[in-house]
Amino acid sequence: MRVVMIGTGYVGLVSGTCFADFGHEVVCVDKNEQKIDQLNQGGIPIYEPGLDLLVAQNVKEGRLRFTTDLASTVADADVVFVAVGTPSRRGDGHADLTYVHAAVDEIADAMTKPTLVVTKSTVPVGTNRGIFNRLKARRPDLEPEVASNPEFLREGSAIEDFKRPDRVVVGAETEMAQKLMERLYRPLNLNRVPLMITGLETAELIKYAANAFLATKITFINEMADLCEKVGANVQEVARGMGSDNRIGPKFLHAGPGYGGSCFPKDTLALVKTGQDAGAPITIVEQVVGVNEARKAAMADKILAAAGGDLQDKKVGILGVTFKPNTDDMRDAPSLAIIPRLQSFGAKISAHDPEGMKEAAHLLDGVTWAETPLDAIKDADVLVLLTEWDTYRALDLHKVASLMRQHVFVDLRNVYKKDEVEEAGFSFSGVGVPGTNIGPA
Ligand code: NAD
């Protein structure tokens, strides 16, 4: 099938490449000329493990190409996907549909025959029906076809997630749309992936419900971690005990500095707005949004407390600034709130991240970016493990201690055991683990 993917970002580039790898003929379109030039020269504009090889192979085999010219590609496509960004609208938290609508209008103008337009972007309930009406109004000569196909891939394991999803959700209400989507995803039949066909509104809401539920799970265990600290319990064991129950499951029960990234913060906020507008407020998610926001400031306060209440002119070495490992995505990373608050306490920040420093340097002022993890730690008074990249998981703690001025270790991801850190001469502060020492050793 001939597939056009509009928007060549984290979702569009991965989805387009994987569809090409299934054997479809794919053109990825983006407005950003620099991105398309880089792709046409064999580069990859984002960091996603394994993507470089998969892109190269499919380009070489002639199934994948990149262009800025939307009009000419849409004319002979069977299916056109919209995978552009839907950030929070400034001021009110609703999903900003400007990019989606602009892309749909361009598609409408370029269509030469009835073509299926599929929204892969995360969009609020009612958007796809609105797209149908928009296409119809703009092209009364053609009967529009739309489908909603929300994407559930995770950055860092995006290729595996796309190729072996738990399910594929398709909102499609006509036979043509359903048949085309079934054909497109047929290669997944081999892995017995369920293809769930629903109405448009249901598909849209499944995506928000899933993200809001996961964000709630994270926020639940984070509050449980706070309680553990007060009463001397261990949140990792609480999570293991809870998560072993099949009805609950172990995933998304890792206490930490709060959720971030390109999806959970904006999608929880957008769902809250949708619920309020519809007169069916999702109050549990309203609470989750507030608790998560407050948590980032609380994590900076935790670091201050671990340093004995004074960070004036202290050097804080930070390991990891992306919102999670294996991505260079800095959108809504907790570091963007934690680091400025530490600076407001007078701290000097030196930081390292394997892939995120280039983007982070645009977003964070006054940070010294280190070439290696040990450079970030050298002469520091406090060490903070903020994002659990593999490369930070087996630090030689004695060597780290020998490089530092004072020995305070704040592990916001609970990677290290209190005993081993203390044995190396540090005072240790984790998240929801008992016996955390406060104050420099
Ligand atoms: P992104 O910002 O990485 O990519 C969007 C791309 O669209 C950009 O390259 C931009 O230049 C391009 N674009 C915007 N308007 C365009 C137009 N009119 N024509 C051509 N290109 C245009 O965004 P993303 O992270 O890939 O997210 C895309 C959508 O997928 C969002 O709705 C997001 O919520 C959803 N989603 C993201 C993830 C994720 O992990 N990133 C996962 C699931 C769903």
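Scroll up to find the structure.
Residues numbered from 1 in each chain as written. Predicted model: local features only at pLDDT ≥ 70, side-chain atom pairs only at ≥ 80, totals over all residues. Heavy atoms only, no water.

1. Quick word on the overall build of the chain
A tally of helices and strands in the chain yields 17 helices and 14 strands. Since a compact globule built from 441 residues should have a radius of gyration of about 22 Å, the 24 Å found for the chain is in line with a globular shape. Seen through its C-alpha atoms, the chain measures out along the principal axes to roughly 75 × 50 × 45 Å. Here the chain holds 441 residues, and the buried ones make up 53% of them. If you sum the accessible surface of the chain, you get close to 19400 Å²; carbon and sulfur atoms cover 51% of it. (Helix = DSSP H or I, 4+ residues; strand = E, 2+ residues; numbered from the N terminus. Rg over C-alpha atoms; globule rule 2.2 N^0.38 Å. Buried < 20%, exposed > 50% of the residue type's maximum accessible area, 1.4 Å probe, protein only. Areas by Shrake-Rupley, 256 points an atom, 1.4 Å probe, with all protein chains shown as cover.)

2. Looking at empty space enclosed by the protein
If you walk through the whole model with that rule in mind, you get one cavity of 30 Å³ or more. Approximately 40 Å³ is the volume attributed to the largest cavity. Taken together, the residues of the lining of the largest cavity break down into three nonpolar, five polar and two charged. (1 Å grid on protein atoms, 1.4 Å probe; cavity = no way out; pocket = protein on both sides within 12 Å on 5 of 7 lines; lining within 4 Å. Points joined across faces, edges and corners; volume = space filled by probe spheres on them. Nonpolar A, V, L, I, M, F, W, Y, C, P; charged D, E, K, R; others polar.)

3. Notes on the site of the ligand
Taken together, 26 residues form the shell around the ligand, and within it Val11, Asp30, Lys35, Thr86 and Lys266 come nearest. In the environment of the ligand, an oxygen atom lies 3.0 Å from a nitrogen or oxygen atom belonging to the backbone of Tyr10. For the ligand, an oxygen atom lies 2.6 Å from a polar atom in the side chain of Lys35. In isolation the ligand has 830 Å² of accessible area, and contact with the protein removes 90% of it. Tallied by class, the residues present in the shell around the ligand amount to eight nonpolar, nine polar and nine charged. (Near = heavy atom within 4 Å. Polar contact = N/O pair within 3.5 Å; in protein donor to acceptor, adjacent residues only side chain to side chain.)

4. Observations regarding the environment of Trp369
Mapping Trp369 onto the fold places it in strand β11 (residues 367–369). Measuring from C-alpha to C-alpha, the distance between Trp369 and Pro250 comes to 35 Å, with 119 residues separating the pair along the chain.

5. Observations regarding the layout of surface pockets
Remark: the empty space left among the atoms is shown by a probe the size of a water molecule rolled over them. Looking at the second largest pocket, its volume works out to about 200 Å³. In terms of lining residues, the second largest pocket is bounded by Glu223, Asp226, Glu229, Lys230, Val291, Ala294, Arg295, Ala298, Met299, Lys302 and Val431. Contributions of two or more residues to the lining of the second largest pocket are made by α9 (200–231) and α12 (283–306). With six residues, the top contributor of residues to the lining of the second largest pocket is α12. When the residues that make up the lining of the second largest pocket are grouped by side-chain class, the tally is five nonpolar, no polar and six charged.

Read these as spatial facts, not as claims about activity.
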